[in-house]
Amino acid sequence: MSRGPKVYLTRRETFSASHRLHSVHLSENDNTQIYSKCNNPNGHGHNYVLEVTVVGHIDSNTGMVMNISDLKTLIQMHVLDLVDHKNLDLDVEYFRSKKLVSTTENLIVFIWQQLFSTIEHYNNNNSAQLYEIKIYETEKNIVVYRGE
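In this numbering scheme, every chain counts its residues from 1 along its sequence in written order. Residues qualify for local features only when their pLDDT is at least 70, as the model is predicted, and side-chain atom pairs are given and counted only at 80 or more; totals for whole chains, interfaces and linings, by contrast, use all residues. Working from all heavy atoms in the structure, the side-chain values ignore hydrogens and water.

- Taking an unreviewed UniProt entry as the reference, the protein chain is identified by name as 6-pyruvoyl tetrahydrobiopterin synthase belonging to Adineta steineri.
- UniProt positions are given in the numbering used here, feature names are shortened, and annotations may be inferred rather than shown by experiment. According to the UniProt record, the Cofactor (unreviewed entry) comment for the protein chain reads "Zn(2+)".

What follows is the structure, encoded as structure tokens:
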């Protein structure tokens, strides 16, 4: 199979989730000072925008880096089904068991871990690899992760 040009392919999805920014490693006072209104005991929610980018060479037979429909399915199964309309702190084992603060920084690492090997395994002989994940927590707060 000949390798075509290297291309970055991005799929955008949205999901809604609630959480409370609260660290078991900090005092109540420190949590309140650091996280402010995001430390509300009843939590708060976001309508997140998720962008998943894969990189690879265009397959000469299919004309694609990766079938975008397959990428959509992998994101749905391995991310959205776990976080959409969930309380990240209570419903997502990753945060509950590790007692991690459900910041967008920790959320993006979780999503990377969910997708990295899945995309690598899916592609077997194809060149597509997970390149970057971007989460828009709000229009002004954006987190980017490349597995580093």
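## Structural notes on the sheet that holds strand β1 (residues 3-19)
Part 1: Pairing is mixed in the open sheet, where five strands are placed in the order β3-β1-β2-β4-β5. With one partner strand each, in any of the chains shown, β3 (86-87) and β5 (142-145) form the two edges of the open sheet.
Part 2: Criterion used throughout: strands pair if DSSP finds at least two bridges between them. Each helix is a run of DSSP H or I of at least 4 residues and each strand a run of E of at least 2, with the numbering of both proceeding from the N terminus. As paired elements, β1 and β3 share two bridges and run parallel to each other. Bridge assignment links A17 to a residue of β3, and that residue is K86.
Part 3: The contact criterion used is simple: two residues touch if any of their non-hydrogen atoms lie within 4.5 Å. Interaxial angles span 0 to 180 degrees and are taken between N-to-C directions of axes, which are lines fitted to C-alpha atoms, for helices over the stretch in contact. Docked against the sheet, helix α2 (residues 68-83) engages β1, β2 (44-59) and β3, running at close to 25° with respect to β1.

## Some points on α2
Part 1: The end-to-end C-alpha separation of α2 is 21 Å, in line with the 22 Å expected for 16 residues at 1.5 Å each.
Part 2: At Q76, α2 shows its maximal bend, which comes to roughly 45°.
Part 3: N or O atoms within 3.5 Å of each other form a polar contact, as long as, within protein, one can give a hydrogen and the other can take it, and as long as residues adjacent in sequence are counted only when both atoms are side-chain atoms. Sitting at the amino-terminal end of α2 is N67, which places a side-chain oxygen 2.8 Å from the backbone nitrogen of S69.
Part 4: A positive backbone phi angle near 55° is found at H85, which sits one or two residues after α2. Multiplying 1.5 Å by the helix residue count minus one yields the expected span of that helix. One axis is fitted to the seven residues ending at the residue and one to the seven starting there. The bend at that residue is the angle between these axes.

## A closer look at the packing of aromatic side chains
Part 1: Pairs were defined over the aromatic rings of Phe, Tyr and Trp, the Trp ring being its six-membered one, requiring ring centres within 6.5 Å. Orientation was assigned from the angle between planes: stacked under 30 degrees, edge-to-face over 60, tilted for the rest. For the structure on display, the rule yields seven aromatic pairs.
Part 2: Both rings, one in Y94 and one in F110, keep their centres 4.8 Å apart while their planes meet at 40°; by these two values the pair is tilted. With Y94 in helix α4 (residues 93-98) and F110 in helix α5 (residues 104-123), this pair connects stretches of sequence that are 16 residues apart. F110 shares its class with Y94; the two are buried.
Part 3: A centroid spacing of 5.7 Å and a plane angle of 20° characterise the contact between W112 and F116, whose relative ring orientation is stacked. Taken as a pair, W112 and F116 lie in helix α5 at a separation of four residues, close to a single helical turn.
Part 4: Taking relative accessible area as the criterion, W112 reaches 9% and is therefore assigned buried.
Part 5: Residue F116 is classed as partly exposed on the basis of its relative accessible area, which comes to 35%.
Part 6: Among the aromatic residues, those joined into a ring-pair cluster are Y94, F95 and F110.
Part 7: Note on geometry: a ring has a charge over it if NZ (lysine) or CZ (arginine) is within 6 Å of the ring centre and within 35 degrees of the ring normal. Residue placement shows R12 over the ring face of Y136; its charged tip is 5.5 Å from the ring centre. Buried, partly exposed and exposed residues are distinguished by accessible area as a fraction of the type maximum, computed with a 1.4 Å probe on protein chains only: under 20%, between the cut-offs, and over 50%, respectively.

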